[in-house]
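Listed below, chain by chain, are the residues.
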Amino acid sequence: MDSDFEIFLVTAPGLEAALCDEARDKGFAAPRTGRGGVSVRGGWPEVWRANLELRGAARVLARIGAFRALHLAQLDKRARRIPWGEVLRPGVAVRVEASCAKGCRIYHGGAAAQRIARAISEELGAPVAEDAPVRVLARIDDDLCTLSIDTSGEPLHKRGHKEAVAKAPMRENLAALFLRQCGFTGAEPVLDPMCGSGTFPIEAAEIALGLSPGRSRGFAFEHLANFDAAAWQAMRAAPPGPAPGFRFYGSDRDAGAVEMSRANAARAGVDGITAFRCHAVSALAAPEGPPGLVIVNPPYGARIGDKKPLLALHHALGQALTARFSGWRVGLVTNEAGLAAATGLPFAPPAPPVLHGGLHVRLFRTAPLAG
Ligand SMILES: C[S@@+](CC[C@H](N)C(=O)[O-])C[C@H]1O[C@@H](n2cnc3c(N)ncnc32)[C@H](O)[C@@H]1O
């Protein structure tokens, strides 16, 4: 296979531009936003590096081939001509998933997947299994079948440090991109006053230390034919940077959430620069030291039910921040503009909506709060 192909970085719709920025910052070639992700170019070492270093990607797909297919027999024949052995190993099981866009002459994803799976198992000898560690994805659009390998395996928001998860946790890759959209680069303190399992402070601390998000986990690409274990070990052995002179704070009124955050921070190796406390937002005070960023996703609004307690919670949050956080910027992620408005904080117009856990959420941001 080519040493320069398309690598597609999947992310939540609405965050493509933020991920594109991150890819550019991290030196990936020719980043371009598309629907639901960003495409960059590179070879297999860039695929590994994307999995290792990109905080905002949900998964990394390597485009391994494309051909036109007008009917299933043609799909079968052309799928057999793909040099599968350059990418897959005969002894490693694969799973194939296919989807067809409207208007394609091949319109049945299941039948297409079955033909490709059979081609792989008969041409290469790789077994096909539901729980296979490697997934081949086929997308048929305008009668063009594009084949990709999901090189990540488990979605990338699973950094490999979190055992304990609170209710409605923020996915790590979204948290990282929201931090980026708030202008966070690792050079200021961060505080989340409703931290749940600690996602925002832990991501922020890792960014400040220059840690790679994928440093502790495994990836599907380790099962591929072109995997070079020695080169990969060298790539992921990059040492962390020096600790900053400030901290990353989380608080929550739920004692269990605070314990969870501490345990998650310890597993991520950032317990030295994070601090978690148990109290309600009404008791919130700015930490000693320079101002930074408050970032929070309060409980989301439900479509039905009593909104009063949620509005009161947002009001209390806004009051605490207005009274005690002069000089700090605020980023608030919510699914209802009315809840953001209830804080009384001077938010700029929100960022585009992002699909998270079945809800459309938006990031509301302020400039540094006045004294
Ligand atoms: C949507 S969750 C935050 C999830 C978190 N960002 C994470 O990734 O795990 C909202 C959190 O707000 C906390 N909370 C609700 N009311 C609160 C209050 N009055 N003061 C402090 N925390 C509160 C809940 O305990 C819950 O952990």
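Residues numbered from 1 in each chain as written. Predicted model: local features only at pLDDT ≥ 70, side-chain atom pairs only at ≥ 80, totals over all residues. Heavy atoms only, no water.

> Please clarify how the overall build of the chain should be interpreted in this entry.
A count of helical and extended segments in the chain gives 10 helices and 14 strands. Counting only C-alpha atoms and orienting by the principal axes, one finds that the chain spans roughly 70 × 45 × 35 Å. Split by element, the accessible area of the chain, about 16100 Å² in all, is 54% carbon and sulfur. Positive and negative charge centroids in the chain, built from 43 and 36 side chains respectively, lie 4 Å apart. (Helix = DSSP H or I, 4+ residues; strand = E, 2+ residues; numbered from the N terminus. Areas by Shrake-Rupley, 256 points an atom, 1.4 Å probe, with all protein chains shown as cover. Lys, Arg positive; Asp, Glu negative; His and termini not counted. Charge placed at Lys NZ, Arg CZ, Asp CG, Glu CD.)

> It is not clear to me how the nonpolar core should be interpreted in this structure. Could you clarify?
Note that soluble globular proteins tend to have their nonpolar side chains buried in a common cluster. Grouped together as the largest cluster of nonpolar side chains are 90 residues, with contacts concentrated most on Leu9, Trp84, Leu88, Ile120, Leu147 and Phe178. Looking at this core, the element that brings in the most residues is helix α4 (residues 109–124), giving 7 residues. Shared between two domains, this core takes at least three residues from each, and those domains are domain 1 (5–150) and domain 2 (172–213 + 244–365). With residues up to four places along the chain from it excluded, the contact list for Phe178 reads Leu15, Met170, Phe200, Ile295, Val333, Val354, Val361 and Leu363. Counting 19 residues, the second largest nonpolar core, distinct from the first, contains Val294, Leu317, Val330 and Ala340. (Core = buried A, V, L, I, M, F, W, Y, C linked by side-chain atoms within 4.5 Å. Buried < 20%, exposed > 50% of the residue type's maximum accessible area, 1.4 Å probe, protein only. Domains from an automatic or database assignment. Contact = heavy atoms within 4.5 Å.)

> I would appreciate a short explanation of the packing of aromatic side chains in the present structure.
Two numbers describe a pair of aromatic rings. These are the distance of the centres and the angle of the planes. In total, this model carries 11 aromatic pairs according to the counting rule given. With a centroid separation of 5.8 Å and 75 degrees between ring planes, the pair formed by Trp48 and Phe227 is classed as edge-to-face. One end of the pair, Trp48, is in helix α2 (residues 44–53); the other, Phe227, is in the loop between α6 (199–209) and α7 (229–236), with 179 residues separating them in the sequence. On the accessibility criterion, Trp48 (4% relative accessible area) is buried. Judged by its relative accessible area of 17%, Phe227 falls in the buried class. Consider the rings of Phe325 and Trp328, whose centres lie 5.4 Å apart with planes at 75 degrees: the pair is edge-to-face. Note on Phe325: relative accessible area 0%, which makes it buried. (Phe/Tyr/Trp six-rings, centres within 6.5 Å; stacked < 30°, edge-to-face > 60°.)

> Quick question: what am I supposed to make of the domain arrangement of the chain here?
When the parts come together, some accessible area is lost, and that loss is often what is quoted as the size of the interface. Segmentation of the chain into domains returns domain 1 (5–150) and domain 2 (172–213 + 244–365). Distance between the C-alpha centres of domain 1 and domain 2: 35 Å. Counting residues at the interface gives 17 residues for domain 1, matched by 17 residues for domain 2. Here domain 1 and domain 2 share an interface that buries about 1300 Å² over both sides, 60% of which is from carbon and sulfur atoms. In this assembly, domain 1 and domain 2 are joined by 3 salt bridges. Residue Asp25 is joined to Arg180 by a salt bridge in which the shortest nitrogen-to-oxygen separation is 3.0 Å. If you look at where domain 1 meets domain 2, you find 5 residue pairs in polar contact (both at pLDDT 80 or more). (Buried area = accessible area lost by both parts, 1.4 Å probe. Salt bridge = Lys/Arg side-chain N within 4 Å of Asp/Glu carboxyl O. Polar contact = N/O pair within 3.5 Å; in protein donor to acceptor, adjacent residues only side chain to side chain.)

> Quick question: what am I supposed to make of the site of the ligand here?
Within the structure, the ligand sits among 19 residues, and Met170, Ser197, Thr199, Asp252 and Asn297 are positioned closest to it. Arg253 is positioned with one of its backbone polar atoms (N or O) 3.3 Å from a nitrogen atom of the ligand. At 2.5 Å from a nitrogen atom of the ligand is found a side-chain nitrogen or oxygen belonging to Asn297. The fraction of the free accessible surface of the ligand (610 Å²) that becomes covered by protein chains is 91%. (Near = heavy atom within 4 Å.)

> Could you clarify how one ought to interpret the pattern of salt bridges in this entry?
When the charged atoms of two side chains with opposite charge come close together, those side chains can pair. All chains considered together, the criterion is met by 26 salt bridges. Across the pair Asp76 and Arg118 runs a salt bridge whose closest N-O atoms are separated by 3.1 Å. Here Asp76 is found in helix α3 (residues 72–80), whereas its partner Arg118 is found in helix α4, with 42 residues between them in sequence. The network of salt bridges with shared partners includes Arg55, Arg159, Glu203, Glu206 and Arg215.

> Mind showing me how you'd approach the sheet that holds strand β5 (residues 94–100) here?
Strand pairing within a sheet occurs via backbone hydrogen bonds; the two strands may be parallel or antiparallel. Across the sheet, which stays open at both edges, the 7 strands sit in the order β2-β3-β1-β4-β7-β6-β5 with mixed pairing between neighbours. Pairing within the sheet leaves two strands with one partner each, and these edge strands are β2 (29–34) and β5. In this sheet, adjacent strand axes meet at a mean angle of 30 degrees when their direction is disregarded. Of the strands in this sheet, β4 (59–68), β6 (134–141) and β7 (144–150) touch α3, which is tilted by about 115 degrees from β4. (Pairing = 2+ DSSP bridges. Axes fitted to C-alpha atoms, helices over the stretch in contact; angles between N-to-C directions.)

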